[in-house]
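Notes for the structure review
Here is how the chains run, residue by residue.
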Amino acid sequence: EDQVTQSPEALRLQEGESSSLNCSYTVSGLRGLFWYRQDPGKGPEFLFTLYSAGEEKEKERLKATLTKKESFLHITAPKPEDSATYLCAASLSRTALIFGKGTTLSVSS
Amino acid sequence: ETGVTQTPRHLVMGMTNKKSLKCEQHLGHNAMYWYKQSAKKPLELMFVYSLEERVENNSVPSRFSPECPNSSHLFLHLHTLQPEDSALYLCASSQEYGATEAFFGQGTRLTVV
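Thresholds, definitions, all that
- Residues numbered from 1 in each chain as written.
- Chains lettered and ligands numbered in written order.
- Predicted model: local features only at pLDDT ≥ 70, side-chain atom pairs only at ≥ 80, totals over all residues.
- Heavy atoms only, no water.
- Buried < 20%, exposed > 50% of the residue type's maximum accessible area, 1.4 Å probe, protein only.
- Helix = DSSP H or I, 4+ residues; strand = E, 2+ residues; numbered from the N terminus.
- Pairing = 2+ DSSP bridges.
- Core = buried A, V, L, I, M, F, W, Y, C linked by side-chain atoms within 4.5 Å.
- Phe/Tyr/Trp six-rings, centres within 6.5 Å; stacked < 30°, edge-to-face > 60°.
- Contact = heavy atoms within 4.5 Å.
- Buried area = accessible area lost by both parts, 1.4 Å probe.
- Salt bridge = Lys/Arg side-chain N within 4 Å of Asp/Glu carboxyl O.
- Polar contact = N/O pair within 3.5 Å; in protein donor to acceptor, adjacent residues only side chain to side chain.
- Nonpolar A, V, L, I, M, F, W, Y, C, P; charged D, E, K, R; others polar.
- Axes fitted to C-alpha atoms, helices over the stretch in contact; angles between N-to-C directions.

**Some remarks on the pairing of strand 7 (residues 62-66) of chain A**
Residue and element names in this part refer to chain A. With four of its five residues buried, strand 7 lies for the most part within the structure. With four bridges joining them, strand 6 (residues 56-59) and strand 7 adopt antiparallel strand pairing. From the neighbouring strand, E58 faces strand 7, where its bridge partner is K63. Hairpin connection of strand 6 to strand 7: two residues between the antiparallel strands, including E60 at a positive phi of 55°. Across five bridges, strand 7 lies against strand 8 (residues 70-75) in antiparallel orientation.

Next up, the structure:
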C-alpha cells in the first residue's frame, strides 16, 4: 500500500535550535515529493518540490532534501514565526497527492 | 484576485439541511481537487476533476456531490450530513493532474449539528 509517514508528530524547539523533520515514503513510482506548511485554520501553503534522490531545495531557514526512501526538512535557527504544521506529500503517476499526517512544530522565544 | 478562493470560510448546518461549498481558482490550472481534513488524520482526497471530467472518486458517501461547471470553478453539494462529517474542507488546483504541486484555498470549516 502506498504510504507517507512523518515523524515526529510534534516537535518543540527553542528559538535558534536547529532540527530536522522526517518524511518516509513507501510508494511505487514516485514522481515528486512535496512539502507544505499549514497554519491553524488555514489551507496548506506550498514550500518545495523534489523530484530525484540527491536533490535539495532551500528557502530562508528551510532546506528540503530527498533520498530514495525519505525526505528531510531541515530548519536552521528557527524563529517563533516558523511554528506551524509541516506536511509532506508524495505524487505518483496519474494520481493526486498522498499526504502524511504532518509534524506540528512549536518554536518558543 | 489570485490563487484559490473558497466560500464560505465557516458553515454550521443541521443534518437535514442542504448547502454548497464553492471554490474558484485564478491560476489557469487544469485540475481541481476536494480534500477533507480531520484532526489527527492525513488529508483525505475526496474528488478530482481534470479538464472538467471527474477522474477520481475515493469511496465518498453520496451525501457529498461534486460539480465542476468549468475549469475555474468547483462546488461540493452537501445534504443530510452526519456530525462525523464536521471537518475542514479544502479545495486545491494544479497545472495538470498528477505530479505537479497543488495550491490550496483557505478551506471551509464545516460543523454539522
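**Concerning the nonpolar core**
With 24 residues, the main nonpolar core has A:L33, A:W35, A:L73 and A:Y86 as its most contacted residues. At the level of secondary structure, the elements contributing two or more residues to this core comprise strand 2 (10-14), strand 3 (19-26), strand 4 (30-38), strand 5 (45-50), strand 7, strand 8, strand 9 (84-92) and strand 11 (103-108) of chain A. Examining the composition of this core, we find that five residues originate from one element, strand 9 of chain A, more than from any other. Among the nonpolar cores identified, the runner-up in size contains 22 residues, and B:L11, B:C23, B:Y49 and B:C68 belong to it.

**Comments concerning the packing of aromatic side chains**
One pass over the full model with this rule turns up nine aromatic pairs over all chains. On the basis of an interplanar angle of 85° and a centroid distance of 5.6 Å, the ring pair of A:F99 and B:Y35 is categorised as edge-to-face. Pair noted here: A:F99 is in strand 10 (residues 98-99) and B:Y35 is in strand 4 (residues 31-37), and the two residues belong to different chains. You'll find A:F99 and B:Y35 in the same group, each marked buried. On the basis of an interplanar angle of 45° and a centroid distance of 5.6 Å, the ring pair of B:Y35 and B:F104 is categorised as tilted.

**Observations concerning the interface of chain B and chain A**
Each side of the interface is counted separately: chain B has 23 residues, and chain A has 22 residues. Roughly 1700 Å² is buried in total at the junction of chain B and chain A, and carbon and sulfur atoms are behind 56% of that figure. Between B:K40 and A:E9 there is a salt bridge; the shortest N-O distance is 3.8 Å. At the junction of chain B and chain A, the tally comes to five residue pairs in polar contact (both at pLDDT 80 or more). Where the side of chain B that touches chain A is concerned, the elements lending two or more residues are strand 4, strand 5 (44-50), strand 9 (87-94) and strand 10 (102-104) of chain B. Per-class residue counts for the side of chain B that touches chain A are 13 nonpolar, five polar and five charged.

**As for the sheet that holds strand 7 of chain A**
All names here are of chain A. Ordered by their spatial adjacency, five strands build an open sheet running 1-3-8-7-6, and the pairing between neighbours is antiparallel. The sheet is open, and its two borders are formed by strand 1 (3-7) and strand 6, each paired with just one other strand. The sheet shows a mean angle of 15° between the axes of neighbouring strands, direction not considered.

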